[in-house]
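Inside the fold
Residue-level listing of the chains:
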Amino acid sequence: MGQTSSSDGDSSAIEEPAVKISPELGQKIALDYQNEELNNVWKGVQVSILDRRNQRDNAIKSDMAQQQLVDEQQRQLMAARHKQLDDRIAVLQSQFHDQMLEIEHGTKVFWEDLDTQVKEKNLPCLGPRAHWLDCHKKYALDSRPCDAYLATLERCVTEAIVKNVSK
C-alpha cells in the first residue's frame, strides 16, 4: 500500500490508492465531478454551510458585545456601591474615633478625679481589703484560709464606721 515508483530520474511519484475501486465506479465518480448541475448543488451546500457559520459567528460576536455591555454596567454599579460603602466606612471610622477620644478624655478625667479624692480623703482599711482580696483570689474555691483576713477587715470597717459616726 502506498508504494512509490520512480522512473529514470523522474522525481514525480505515483501512489497506488489505498482503497481499490472498480473502474466503473471510478468513471461514475469522474462523471460526478464533471456534472455541472451536481457541482452547482454542492457549491450551494458549501455556501449555505459557510453562511450558517458566519451567522453563528456574528451571533456569538453580538452576544459577546451585549455581555460586555452588561458586564460594564455591572462594574459601574459595583463601583458606585463600593464608593458608597467606602464613604460609610469613613463616616463610621470618624465617629468611632470621636467616641474613642471622648471615652479617653472621660477616663482621664475620672482617674484624675479619683486621684484627687484619694489624696484628699484617707480611705480606711485599704491594707486589710487588699490582703483579703488577694487571699480570696488565691483560695477562691475554699476561703477558710482567708478567715483571719476577713476578721481583720471586719474589725477595721467597724472601727471606721464608729469613727465617722462619732465625728
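Everything that follows concerns the structure shown earlier in this document.
In this report, the structure presented in the accompanying data block is examined. (Residues numbered from 1 in each chain as written. Predicted model: local features only at pLDDT ≥ 70, side-chain atom pairs only at ≥ 80, totals over all residues. Heavy atoms only, no water.)

1. Overview of the pattern of salt bridges
- Enumeration according to the criterion identifies three salt bridges in this entry.
- Between Lys83 and Asp87 there is a salt bridge whose closest N-O contact spans 3.1 Å. With Lys83 and Asp87 both in helix α2 (residues 36-120) and four residues apart, this pair spans about one turn of that helix.
- Judged by relative accessible area, which is 38%, Asp87 ranks as partly exposed. (Salt bridge = Lys/Arg side-chain N within 4 Å of Asp/Glu carboxyl O. Helix = DSSP H or I, 4+ residues; strand = E, 2+ residues; numbered from the N terminus. Buried < 20%, exposed > 50% of the residue type's maximum accessible area, 1.4 Å probe, protein only.)

2. Here we look at the environment of Pro124
- Checked against the element boundaries, Pro124 lands in the loop between α2 and α3 (126-138).
- Taking relative accessible area as the criterion, Pro124 reaches 36% and is therefore assigned partly exposed.
- As for Pro124 and Cys156, which are separated by 32 residues in sequence, their C-alpha atoms are 7.7 Å apart.
- Apart from residues no more than four positions distant in its own chain, Pro124 is found in contact with Arg129 and Ala160. (Contact = heavy atoms within 4.5 Å.)

3. Comments concerning unusual backbone geometry
- Within the chain, Cys125 stands out as a residue other than glycine whose phi angle is a positive 65°.
- By secondary structure assignment, the location of Cys125 is in the loop between α2 and α3.
- For Cys125, a relative accessible area of 8% corresponds to the buried category.

Shape is all these values report; function is a separate question.
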